[in-house]
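Listed below are the residues making up each chain.
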Amino acid sequence: QKLRTDKKFNTLRTYRGMLEIVMCDNRMNSDEKQRLQRFRDENVISEIEHENIVSQCGWTMEEFDQGVKHTAGYVEQIRNWYWLNFGARYKSNDEAENDNDDGDKRQS
C-alpha cells in the first residue's frame, strides 16, 4: 500500500514538474499537450488530479485548453499587435480628420 501511494505521489509530482516546464513561457503547443496527455494516460492521472495540478500552476482549465496563459503582459502584447496591424485601417472619423488637417498644414 505504501509503495503504491509513494508511486502515485511521485507520478503527480513528476507531472506537475512537466507542466511547470511547459508552462514557463505562458504558452503551450499541441505537441506538448499531446505528450502531457500521453503521460496522464500511461500513469492513470485522473481529470480531477490534472485540473488540480493545472490550478496549482496558476492556470485555468480554459487557458490550458487554449494553450495560452492570459497575463496582463500577454493581453498588452495582443493589444499592441492589433493596433500595429489594424489601427491605421480602422481609425475613428475624428482621428482621420486630424490626420488630414496635419497633412494640409504640411503642404501649405
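Residues numbered from 1 in each chain as written. Predicted model: local features only at pLDDT ≥ 70, side-chain atom pairs only at ≥ 80, totals over all residues. Heavy atoms only, no water.

Chemist: Please explain a negative patch on the surface as it appears in this structure.
Modeler: Side chains of Glu47, Glu51, Glu62 and Asp65 sit close together on the surface and give a patch of like negative charge. Breaking the negative patch down by element, the ones donating at least two residues are helix H3 (47-56) and helix H4 (61-66). Turning to its location among the elements, aspartate 65 is positioned in helix H4. (Patch = residues over 30% accessible without salt bridge, like charges linked within 9 Å, V, L, I, M, F, W, Y side chains within 5 Å. Areas by Shrake-Rupley, 256 points an atom, 1.4 Å probe, with all protein chains shown as cover. Salt bridge = Lys/Arg side-chain N within 4 Å of Asp/Glu carboxyl O. Lys, Arg positive; Asp, Glu negative; His and termini not counted. Charge placed at Lys NZ, Arg CZ, Asp CG, Glu CD. Helix = DSSP H or I, 4+ residues; strand = E, 2+ residues; numbered from the N terminus.)

Chemist: Help me understand the nonpolar core in this model?
Modeler: Nonpolar side chains in soluble globular proteins generally cluster together in the buried interior. In this structure, Tyr15, Leu19, Val22, Met23, Met28, Leu36, Phe39, Ile45, Ile53, Val54, Trp59 and Phe64 together form the largest nonpolar core, which totals twelve residues. For this core, the secondary structure elements donating two or more residues are helix H1 (2-23), helix H2 (30-42) and H3. Here this core takes four residues from H1, the largest share from any one element. Residues in contact with phenylalanine 64, not counting those within four places in the same chain, are Leu19, Met23, Met28, Lys33, Leu36, Arg40, His50, Val54 and Trp59. (Core = buried A, V, L, I, M, F, W, Y, C linked by side-chain atoms within 4.5 Å. Buried < 20%, exposed > 50% of the residue type's maximum accessible area, 1.4 Å probe, protein only. Contact = heavy atoms within 4.5 Å.)

Chemist: It is not clear to me how unusual backbone geometry should be interpreted in this structure. Could you clarify?
Modeler: Its identity is not glycine, yet asparagine 26 carries a phi of approximately 65 degrees, on the positive side. By the element assignment, asparagine 26 lies in the loop between H1 and H2. For asparagine 26, a relative accessible area of 28% corresponds to the partly exposed category. Despite not being glycine, valine 44 has its phi angle at roughly 50 degrees, a positive value. Structurally, valine 44 is set in the loop between H2 and H3.

Chemist: Explanation requested: the packing of aromatic side chains in the structure shown.
Modeler: One pass over the structure, following the stated rule, counts one aromatic pair. Aromatic pair tyrosine 15 and phenylalanine 39: ring centres 6.1 Å apart, planes at 5 degrees, arrangement stacked. Taken together, the positions of tyrosine 15 in helix H1 and phenylalanine 39 in helix H2 put the pair 24 residues apart, joining distant regions of the chain. For the pair tyrosine 15 and phenylalanine 39, a shared accessibility class is recorded, and that class is buried. (Phe/Tyr/Trp six-rings, centres within 6.5 Å; stacked < 30°, edge-to-face > 60°.)

Chemist: Just checking my understanding: could you explain the confidence of the model for the chain for this structure?
Modeler: Close inspection of predicted coordinates is inappropriate in any region flagged by low pLDDT. With 71% of its residues at a pLDDT of at least 70, the chain reaches an overall mean of 82. For the chain, helix H6 (residues 93-107) is the element with the lowest average pLDDT, namely 55, and H3 is the one with the highest, namely 97. (pLDDT = per-residue confidence, 0-100.)

Chemist: What should I look at first to understand H3 in this one?
Modeler: Because each turn of an α-helix spans 3.6 residues, side chains separated by three or four positions in sequence point in the same direction. For H3, the complete set of buried residues consists of His50, Ile53 and Val54. The arc that holds every buried residue of H3, seen down its axis, measures 100 degrees, which confines them to one face. Just downstream of H3 lies glycine 58, where phi reads positive at about 90 degrees. (Arc of directions from axis to C-beta.)

Chemist: Explain a nonpolar patch on the surface to me, please; I cannot follow it from the model alone.
Modeler: Residues Trp81, Tyr82 and Trp83 make up a contiguous nonpolar surface patch of about 380 Å² in total accessible area. With respect to the secondary-structure elements, tryptophan 83 resides in helix H5 (residues 72-86).

Chemist: Would you explain the pattern of salt bridges in this entry?
Modeler: Side chains that differ in charge, positive against negative, can pair when their charged atoms come close. Counted according to the given criterion, the structure contains four salt bridges. Notably, a salt bridge pairs glutamate 20 with arginine 16, separated by 2.8 Å at the nearest N-O pair. In this pair, glutamate 20 and arginine 16 both sit in helix H1, four residues apart, roughly one turn of the helix. We classify arginine 16 as partly exposed; its relative accessible area is 28%.

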